[in-house]
Protein chains: 2
Amino acid sequence: MKQIMKSLILLFGFFILGTATAQTKPLDLNISQVGSFHIGGRFVEVSGKPTKEVVFSPGSAPAKIDPNGKYLVEQMYVQYFIPKDVKHQLPILLWHGGGLSGVTYETTPDGRPGWQQYFISQGWKTYVSDAVERGRSGWASPDIWPSDPQFLTIDNPWHRFRIGANAWNDDPVKRAQYPGSQFPPEGYLNFMRQVVPRWTTTDEATIAAYTELVDKVCPCIVLVHSQGGQFGQKVAQARPDKVKALILVEPAGFGDPNKASALKNIPILTIYGDYIDIDSRWPKIRQTQMELNQKYIAAGASVEVINLPEIGIKGNSHMMMMDRNNLQIAGIIEDWLKKKGFRD
Amino acid sequence: MKQIMKSLILLFGFFILGTATAQTKPLDLNISQVGSFHIGGRFVEVSGKPTKEVVFSPGSAPAKIDPNGKYLVEQMYVQYFIPKDVKHQLPILLWHGGGLSGVTYETTPDGRPGWQQYFISQGWKTYVSDAVERGRSGWASPDIWPSDPQFLTIDNPWHRFRIGANAWNDDPVKRAQYPGSQFPPEGYLNFMRQVVPRWTTTDEATIAAYTELVDKVCPCIVLVHSQGGQFGQKVAQARPDKVKALILVEPAGFGDPNKASALKNIPILTIYGDYIDIDSRWPKIRQTQMELNQKYIAAGASVEVINLPEIGIKGNSHMMMMDRNNLQIAGIIEDWLKKKGFRD
């Protein structure tokens, strides 16, 4: 009996290991070109501040730094990947949410392929950007942006992003991850390593930079997440001839309701994960987009809403591009793109 | 005569265009895998601060943000590229300089392939990271880092990085680019878009994160630039068994002279551009490294110094990975790697 139990435990262990290996197996991406650029920004003059002497590296000669002068701020970083075998005409642009950077779409925090890798592997020209003031886009001094940046404690997003009922806690019992949750808890602290400071006063600058990006690389498909909902919808409203399809992944920012008709020719997919009904904030956030969608539909737009639990896909958090079934969801997005004629 | 002049102008125009096209032609990179991760960092507790209500996106529900609690700070972002046809055993790690991020090594500011693309195209497993507090690594709140970050005006690096005699100016006469300079002035403002704020008090944290990176992905070759000189040398001194070769591109930060013997088995290449003798700071910066190199040599290390003008390569700025002849210099680095047995 003891022997059988041992064998069963071994077998179960193998099964777990086997599954983990399958999930973390890298995709063969077959990339021909990788490149990056910065776009946008504006010049700002600072004056009336004292000069400083700064030793930039210990032992190095001090350099005189005069903070007065002309700065270039509010530019945006973009990295692109061109597969060797491009299978679709339009590129796909992946725009991240608040307090994050383009890293959102790269390798998941627990080491599996993210949506960036998935779309590249499927033959899409893929652009991943860091919104203004995030990541490699840089940010401006307090002389230029007087408002304070926001920082997140490690316990904050666990509940706010609908992973568990309580705040993050090292103790699995205390953090109370939702039953059936697809978010990999072993990757949560790595996810928090991806979080970057954010301002709440840079939306106009961000929209300006994304608009310049669209002018440069589109016609295209734009996929946005969370705060990016505002940027995707407003930029599409500003450039309805350039944004050919809009994928809104749990949008927490919104388009201009007075410009709904600008989107009349743009197919829109809106997609939500699980646990929304039991959350204090997400029913309202979803409702705001649903009301906006009605205006888009009234204007003639083709709008599809997928609530994943309604099609039998359960357990997804706000960070569905990192959840264990992230590639399944990417596949659903691709199916929609196919239905709309953007994919063979 | 007029006709001949016209033809000559046309011919000259073609020649210029032809050259530009050759330079910006993308390299076929033949990449199998792209991925990223964050590494390192530490937990910090903040307490005694008031709670805030923050509306993260206009129209969204306000979220309660309590700044007190546990933060994860001083982590580092790393992106890697694995060629389909890996030609060399060891990966090469590219570490950038101060006020910059890994973007330093990507596409040049005027749109040509950078060293990242070059090394990938030559079959190297290539790792590009953003040092702690730069780019996608994120940064910590003033509650955690009390010192001020530094910001650069657009005119500052033009002279400090030995591109021209004066500060940057839109007027080519006033900025006085050095005769024969290889830096593409049409890319200068794009270069300034790459600049990110920096602190001067995070060296220890940065060394800790780079050390974790080396522990994770090495044995390897480490190539550093400018401020990275300190990080490369100190991390190699901490992990002499893991860093198999060290390439110091105009180091402006330095190793620990008391630990020179740790590098006795590590081949070191130190490489400098042009205009050092006419600069107010660079003779001292180079001299500091030369004195340190003597200690490395005394300890038994193989150290090579290349002053590019001495081998007939003129006009290089401090940003030689962006200069017009950047791939020629990458080739010189590869020749040295070959001589040292790290390349076929």
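## Regarding the overall build of chain A
Counting its secondary structure elements, chain A contains 9 helices and 10 strands. The C-alpha atoms of chain A give 22 Å as radius of gyration, which agrees with the globular expectation for 344 residues (20 Å, within 12%). Overall size of chain A, expressed as C-alpha extent along the three principal axes, is 80 × 60 × 45 Å. Pairs at least 24 residues apart make up 72% of the contacts formed inside chain A by residues separated by at least 6 positions.

## Considerations on unusual backbone geometry
At the junction of C218(A) and P219(A), the peptide bond is cis and its omega measures out at 20° in the coordinates. Tracing the backbone through its elements, the reader meets P219(A) in the loop between helix 6 (203–217) and strand 7 (220–225). Not every positive phi belongs to a glycine, and E133(A) is a case in point at roughly 70°. Counting through the fold element by element, E133(A) comes out in the loop between strand 6 (126–130) and helix 3 (156–160). A count of 25 C-beta atoms within 10 Å places E133(A) in the buried class. If you check the backbone angles, R162(B) has positive phi at about 60° while not being a glycine. The residue R162(B) is located in the loop between helix 3 (156–160) and helix 4 (172–175) in this model. Residue R162(B) is classed as buried on the basis of its 24 C-beta neighbours within 10 Å.

## Brief notes about the relation of the copies chain A and chain B
One copy of the chain maps onto the second through a rotation around an axis plus a translation along that axis. Expressed as a screw transformation, the operator carrying chain A onto chain B has a rotation angle of 180° and an axial translation of 0.0 Å, and the superposed copies differ by an RMSD of 0.0 Å. What the rotation and shift describe, once combined, is the action of a two-fold rotation axis. Both copies present the same face, since 100% of the interface residues in chain A are matched by interface residues at the equivalent positions in chain B.

## Concerning the pairing of strand 8 (residues 243–249) of chain A
Residue and element names in this part refer to chain A. For strand 8, a buried count of 7 out of 7 residues is recorded, marking the element as mostly surrounded by other parts of the structure. By the bridge criterion, 6 bridges tie strand 7 to strand 8 in an arrangement that is parallel. Bridge assignment links V222 to a residue of strand 8, and that residue is L246. A crossover links strand 7 with its parallel partner strand 8, the connecting element being helix 7 (residues 228–238), and its sense is right-handed.

## Thoughts on the domain arrangement of chain A
The figure often quoted for interface size is the accessible area lost as the parts come together. Per the domain assignment, the segments of chain A are domain 1 (41–73) and domain 2 (76–339). Spacing between the C-alpha centres of domain 1 of chain A and domain 2 of chain A amounts to 35 Å.

## A short note on the environment of A301(A)
Residue and element names in this part refer to chain A. Residue placement: A301 occurs in the loop between helix 8 (282–298) and strand 10 (303–307). A C-alpha to C-alpha distance of 35 Å links A301 and R112, two positions 189 residues apart in sequence. The residues contacting A301, other than those within four sequence positions of it, are L263, K264, I266, I268 and Y296.

## Thoughts on the interface of chain A and chain B
Taken residue by residue, the interface counts 67 residues in chain A and 67 residues in chain B. Contributions of two or more residues to the side of chain A that touches chain B are made by strand 1 (31–46), strand 3 (63–65), strand 4 (69–83), helix 5 (188–194) and helix 8 of chain A. Residues of the side of chain A that touches chain B, tallied by class, amount to 29 nonpolar, 27 polar and 11 charged.

## What about the nonpolar core?
Grouped together as the largest cluster of nonpolar side chains are 174 residues, with contacts concentrated most on V222(A), L223(A), V222(B) and L223(B). Of the residues that make up this core, three or more belong to each of domain 1 (41–73) and domain 2 (76–339) of chain A. Ignoring any residue separated from it by four or fewer positions in sequence, one finds V222(B) in contact with L93(B), W95(B), G232(B), A236(B), V243(B) and L246(B).

## Quick look at the packing of helix 6 of chain A against helix 7 of chain A
Residue and element names in this part refer to chain A. The contact between helix 6 and helix 7 brings their axes to 9 Å, and the two run at 55°. As far as their axial angle goes, helix 7 and helix 6 are oblique. Between helix 6 and helix 7 the crossing geometry is right-handed. Along the contact surface, helix 6 presents D203, T206, I207, Y210, T211 and V214, while helix 7 presents Q230, F231, K234, V235 and A238.

## Notes on the pairing of strand 5 (residues 92–95) of chain B
All names here are of chain B. Both faces of strand 5 are covered, namely the face carrying I92 and L94 and the face carrying L93 and W95. Two strands pair when backbone bridges link them, and strand 5 and strand 6 (residues 126–130) are joined in this way by 3 bridges, in the parallel orientation. Looking across to strand 6, one finds that L93 is bridged to Y127. Taking the sense of rotation as the criterion, the β-α-β connection linking strand 5, helix 2 (residues 115–121) and strand 6 turns out right-handed. With 4 bridges joining them, strand 5 and strand 7 (residues 220–225) adopt parallel strand pairing. When the bridges of strand 7 are listed, L93 appears paired with V222.

## Thoughts on the environment of P251(A)
Residue and element names in this part refer to chain A. Within the element layout of this structure, P251 appears in the loop between strand 8 and strand 9 (268–272). Spatially, the C-alpha atoms of P251 and S226 are 4.2 Å apart, while their sequence positions differ by 25 residues. In this view, P251 contacts V224, S226, G229, T270 and Q289; residues no more than four positions away in its chain are not counted.

## A word on helix 8 (residues 282–298) of chain B
Residues and elements named next belong to chain B. The end-to-end C-alpha separation of helix 8 is 24 Å, in line with the 24 Å expected for 17 residues at 1.5 Å each. If you check which residues of helix 8 are buried, you get W282, I285, R286, T288, Q289, L292, N293 and Y296. For helix 8, the angular spread of buried residues about the axis comes to 150°, placing them on one side. In helix 8, the exposed residues that point more than 90 degrees away from the buried face are K284, Q287, E291 and A298. Elements in contact with the buried residues of helix 8: strand 8 (243–249), strand 9 (268–272) and strand 10 (303–307). G300 lies just past helix 8 and shows a positive phi near 110°.

## Concerning the confidence of the model for chain A
Detailed conclusions should not be drawn from predicted coordinates in areas where pLDDT is low. Residues and elements named next belong to chain A. Chain-level statistics for chain A give a pLDDT mean of 92 and a share of 92% at 70 or above. Predicted confidence is poor over residues 5–23, with pLDDT under 50, and the contacts of this stretch with residues over four places away or in other chains come to 1 contact. Across the assembled chains, the prediction reports ipTM 0.91 with pTM 0.92.

## Thoughts on the environment of I163(B)
For I163(B), the location among the structural elements is in the loop between helix 3 and helix 4. Discounting chain neighbours no more than four positions away, the residues touching I163(B) are W158(B), Q177(B), Y178(B), S181(B), F183(B) and S317(B).

Rules and cut-offs
- Residues numbered from 1 in each chain as written.
- Chains lettered and ligands numbered in written order.
- Predicted model: local features only at pLDDT ≥ 70, side-chain atom pairs only at ≥ 80, totals over all residues.
- Helix = DSSP H or I, 4+ residues; strand = E, 2+ residues; numbered from the N terminus.
- Rg over C-alpha atoms; globule rule 2.2 N^0.38 Å.
- Contact = placed C-beta atoms within 7 Å.
- Buried ≥ 20, exposed ≤ 12 C-beta atoms within 10 Å, placed from the backbone.
- Least-squares fit on C-alpha atoms with pLDDT ≥ 70 in both.
- Pairing = 2+ DSSP bridges.
- Right-handed = clockwise from strand over helix to strand, strands pointing away.
- Domains from an automatic or database assignment.
- Nonpolar A, V, L, I, M, F, W, Y, C, P; charged D, E, K, R; others polar.
- Core = buried A, V, L, I, M, F, W, Y, C linked by C-beta atoms within 7 Å.
- Axes fitted to C-alpha atoms, helices over the stretch in contact; angles between N-to-C directions.
- Parallel < 35°, antiparallel > 145°, perpendicular 65-115°, else oblique.
- Left-handed = near helix turned anticlockwise from the far one by under 90°.
- Expected span 1.5 Å × (residues − 1).
- Arc of directions from axis to C-beta.
- pLDDT = per-residue confidence, 0-100.

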